[in-house]
Amino acid sequence: MMLLFWKEWREMRLLPVLALATYIALFLAEASCDRFSTGEWQSSPEFMNPLIATWLIFWTVAGSTAFSSEIGSGSLQFMSVIPVSRRRIWWVKLSVAFFSAVAVFAVTIAFVQMLYLYWPGSSIAHAGRLNNSVWPMNLYWALLVSGSLLVCLSSGFCASPFFDQPIVSTAVAAIGGVIYFAFSTLYNIGRIYHYHGNFYYLGALIVTALLIMPPLVTSYQTFVRGESLKSIKRYKVGALTFIGTSVVSTIIYALLTKV
Amino acid sequence: MTKELLPNSAECEDSKAELVLPPAIKVDGLTKQFGRTRALNGVDLLVPTGSIYALLGRNAAGKSTLMQSVLGLLEPTSGSISVLGLNPMRDGLALRRRLGYIPEHMPMYEWMTIAETLRFVAAQYPVWSKAIQDDLVQRLRLPLSQKIRTLSRGQRALLTLVLAMAHEPELVLLDECTSGMDALAREDFDRSVIQLLQNSGRTVLFASHQIHELDRLCDWVGIIHQGRTLLQARVDDLKSQVKTLQVNDEQAELPGLTVLKRQTLGRDLLLTVRGDSSRYDWLPQSVVDVIDLRLEQIFVAIVGHEEERS
């Protein structure tokens with residue numbers, strides 16, 4: 001089992017490094033702007049945009065490359081002929097993608113906090129202002145962000161078993177993610193966050209679970225029950241699972257919002 | 001149309017003793033469809049336990065699809081497969097612990113070294129003989145510290161051989177494993193395979209269209225053509241049934257023999273024929289010579305005849 005984790009980490013370890021490098025490059029680009037010298041950036045909400053964009057992209061890529069890179073290189077066939085269960089492969093891939101995405105999330109947050117504290121002209125007061133305005137580090141915000149990131153990861157994971165080119169699966173996952181967010185906004189899926197006092201935080205967790213269930217279950221079923229080689233069966237299993245889980249999610253949501 | 005080429009019950013009589021043990025592989029009416037393309041169209045296959053079975057067929061005849069179905073990588077559209085008494089789709093994990101697979105090209109992790117690959121694969125098997133692994137690595141002169149991406153085609157095939165053998169499989173599947181190798185690498189690989197598999201008591205299923213290498217190794221042969229089973233027989237029986245006759249009379253009658261192929265040799269005719277082995281004891285005087293054939297020549301004659309018929 002440990003060797004499976006080791007293999008998976010070795011396969012994807014460049015991605016988190018690339019994500020951090022991208023973030024630092026973006027930050028340095030911003031640092032060259034005037035408002036950095038005045039310290040204005042420390043209370044500017046848009047300063048967070050590149051960071052959030054990096055997270056969203058990285059979580060999508062971490063999911064979407066999990067299978068497609070191995071399908072493309074053919075190494076999934078290698079895994080298919082040695083006695084490793086597909087369930088185990090799927091869970092190991094999900095765990096490694098999730099924890100490396102969390103690591104990038106944590107490292108970038110730590111990086112930003114350090115900047116606030118140690119950037120020339122910063123002070124503890126600035127850091128306090130940061131926590132109050134730019135960095136509304138409350139549970140609701142954390143749930144909202146982590147929910148969005150999980151939707152990106154699951155969207156990538158859903159697309160990944162269907163494509164043999166990581167760039168294609170990432171593009172499809174990104175498009176799927178945008179449609180997904182648009183759909184959830186359209187139907188005001190987030191209102192369960194707000195309207196049910198008793199469910200304020202629990203509601204956020206439930207909504208996240210309902211949103212990530214269809215893509216994750218689809219990915220699991222497609223990989224575990226579909227053939228490892230390219231075949232039409234993957235699409236049949238994937239389509240049926242996605243429709244089925246979406247219906248179940250919608251029914252659960254409808255029942256909850258009527259509580 | 002293909003039925004007459006299948007072995008009848010009398011022909012199989014000699015083989016019944018071999019079939020007292022349950023067959024290692026039993027395939028019944030296997031069909032596999034990819035969209036509109038039917039890769040396998042009702043294939044039947046019976047691989048006796050302990051036999052070395054050559055599965056022959058032209059390119060795109062369906063050999064690899066059949067191999068992948070036997071391995072559980074592809075789900076049959078219809079029909080059934082039993083491998084070592086297991087269903088490959090349902091019991092894939094248990095089955096893969098008991099068999100070794102050597103395909104034409106095994107895509108491994110390019111960034112791993114040979115030692116890392118061996119360690120990674122060994123960890124996935126409940127039983128893995130380090131002694132066999134070390135012995136093979138030494139015999140095949142595999143450089144343990146070298147990365148997979150730097151290995152030659154032949155070295156990759158030899159590594160695949162180690163990976164397929166070190167867990168002491170009951171059944172070994174070799175799927176076109178020497179295709180694309182140069183002559184020296186192929187000879188090296190063939191020699192290693194023959195050393196390992198001959199007299200090992202393991203069941204071996206070879207799929208290949210390079211038949212010369214199988215002739216000295218196999219005791220059973222099956223031919224598939226256009227997704228169908230054309231023939232299954234013991235190699236010795238087949239060789240006693242299919243021969244080339246040199247005939248000096250164009251009108252010569254050869255009762256009980258089916259002419260598969262016709263060639264001229266000066267004024268004489270060379271007829272490749274198939275029939276019961278006893279028929280060759282009563283040949284007309286116009287037959288001046290009876291020539292035994294190699295497996296490759298038999299394959300060419302049978303498949304060529306089938307293509308002419310269809």
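Predicted model only: the values in this text are computed from it and were never measured.

Our next topic: the interface of chain B and chain A. Opposite the 25 residues of chain B that make contact, chain A presents 23 residues. When chain B packs against chain A, the two sides together hide about 2500 Å² of surface, and 66% of this comes from carbon and sulfur. Per-residue buried area on chain B facing chain A is highest for L73, Y109 and W111 of chain B; these three make up 27% of the total on that side. Inspection of the chain B/chain A interface yields 0 salt bridges. Viewed at the interface, chain A and chain B are joined by 6 residue pairs in polar contact (both at pLDDT 80 or more). Those elements that place two or more of their residues in the side of chain B that touches chain A are α2 (63-71), α3 (92-98) and α4 (114-122) of chain B. By residue number, the principal contributor to the side of chain B that touches chain A is α4 of chain B, which donates 5 residues. In terms of residue class, the side of chain B that touches chain A is made up of 16 nonpolar, 3 polar and 6 charged.

Let us look at the confidence of the model for chain B. Residues and elements named next belong to chain B. Put simply, chain B has an average pLDDT of 83, and 92% of its residues get 70 or more. Mean pLDDT across the secondary structure elements of chain B bottoms out at helix α1 (residues 9-12), with 43, and peaks at α4, with 95. pLDDT under 50 marks residues 1-14. Its contacts with residues more than four places away, or in other chains, come to 25 contacts. Per the prediction output, this complex has pTM 0.80; the corresponding ipTM is 0.79.

Another point: the packing of aromatic side chains. Residue and element names in this part refer to chain A. A full pass over the atoms with the stated rule returns 16 aromatic pairs over all chains. Taking 4.5 Å as the distance between ring centres and 35° as the angle between the ring planes, the aromatic pair formed by F67 and F223 counts as tilted. With F67 in helix α4 (residues 48-73) and F223 in helix α11 (residues 200-225), the pair connects residues that are 156 residues apart, well separated along the chain. Between W90 and Y220, the aromatic rings sit 5.0 Å apart at their centres with planes inclined by 85°, giving edge-to-face as the arrangement.

Right, let's get into the domain arrangement of chain B. Residues and elements named next belong to chain B. Examined at the domain level, chain B breaks down into domain 1 (3-235) and domain 2 (239-309). For domain 1 versus domain 2, the separation of C-alpha centres amounts to 32 Å. Taken residue by residue, the interface counts 15 residues in domain 1 and 13 residues in domain 2. Here domain 1 and domain 2 share an interface that buries about 1600 Å² over both sides, 63% of which is from carbon and sulfur atoms. For the pair domain 1 and domain 2, the interface holds 1 salt bridge. Where domain 1 packs against domain 2, one counts 2 residue pairs in polar contact (both at pLDDT 80 or more). Going through the elements one at a time, α8 (212-215), β8 (220-225) and β9 (228-234) are the ones with two or more residues in the side of domain 1 that touches domain 2. For the side of domain 1 that touches domain 2, the leading source of residues is β8, giving 3 residues.

To describe two helices that pack against each other, one gives the angle between their axes and the distance between the axes. Residues and elements named next belong to chain B. Relative to each other, helix α6 (residues 153-165) and helix α7 (residues 183-197) sit at 15°, their axes nearing to 9 Å. Compared by their axis directions, α6 and α7 come out roughly parallel. Viewed along their axes, α6 and α7 form a crossing whose handedness is right-handed. Together, G154, A157, L158, L161 and M165 of α6 and A185, D188, F189, S192, V193, L196 and L197 of α7 make up the contact between the two elements. By residue class, the composition of the contact of α6 with α7 is 9 nonpolar, 2 polar and 1 charged.

All right, on to the side chain of K243 of chain B then. Here K243 of chain B is to be found in strand β10 (residues 242-247). Of the polar contacts made by the side chain of K243 of chain B, one reaches the side chain of D292 of chain B; its length is 2.6 Å.

Our focus in this paragraph is the pattern of salt bridges. A full pass over the atoms with the stated rule returns 14 salt bridges over all chains. Residues R139 of chain B and D135 of chain B are paired through a salt bridge, measuring 3.0 Å at the closest nitrogen-oxygen approach. Highlighted residues: R139 of chain B and D135 of chain B, both in helix α5 (residues 130-139), separated by 4 residues, approximately one helical turn. Salt bridges sharing partners connect three or more residues here, namely K7, E8, E70 and K93 of chain A.

Take a nonpolar patch on the surface next. Residues and elements named next belong to chain A. Taken together, I243, V247, I251 and L255 make up a surface patch of nonpolar side chains, about 390 Å² in accessible area. For V247, the location among the structural elements is in helix α12 (residues 232-257). For V247, a relative accessible area of 44% gives the class partly exposed.

Rules of the game
Residues numbered from 1 in each chain as written. Chains lettered and ligands numbered in written order. Predicted model: local features only at pLDDT ≥ 70, side-chain atom pairs only at ≥ 80, totals over all residues. Heavy atoms only, no water. Contact = heavy atoms within 4.5 Å. Buried area = accessible area lost by both parts, 1.4 Å probe. Salt bridge = Lys/Arg side-chain N within 4 Å of Asp/Glu carboxyl O. Polar contact = N/O pair within 3.5 Å; in protein donor to acceptor, adjacent residues only side chain to side chain. Helix = DSSP H or I, 4+ residues; strand = E, 2+ residues; numbered from the N terminus. Nonpolar A, V, L, I, M, F, W, Y, C, P; charged D, E, K, R; others polar. pLDDT = per-residue confidence, 0-100. Phe/Tyr/Trp six-rings, centres within 6.5 Å; stacked < 30°, edge-to-face > 60°. Domains from an automatic or database assignment. Axes fitted to C-alpha atoms, helices over the stretch in contact; angles between N-to-C directions. Parallel < 35°, antiparallel > 145°, perpendicular 65-115°, else oblique. Left-handed = near helix turned anticlockwise from the far one by under 90°. Patch = residues over 30% accessible without salt bridge, like charges linked within 9 Å, V, L, I, M, F, W, Y side chains within 5 Å. Areas by Shrake-Rupley, 256 points an atom, 1.4 Å probe, with all protein chains shown as cover. Buried < 20%, exposed > 50% of the residue type's maximum accessible area, 1.4 Å probe, protein only.

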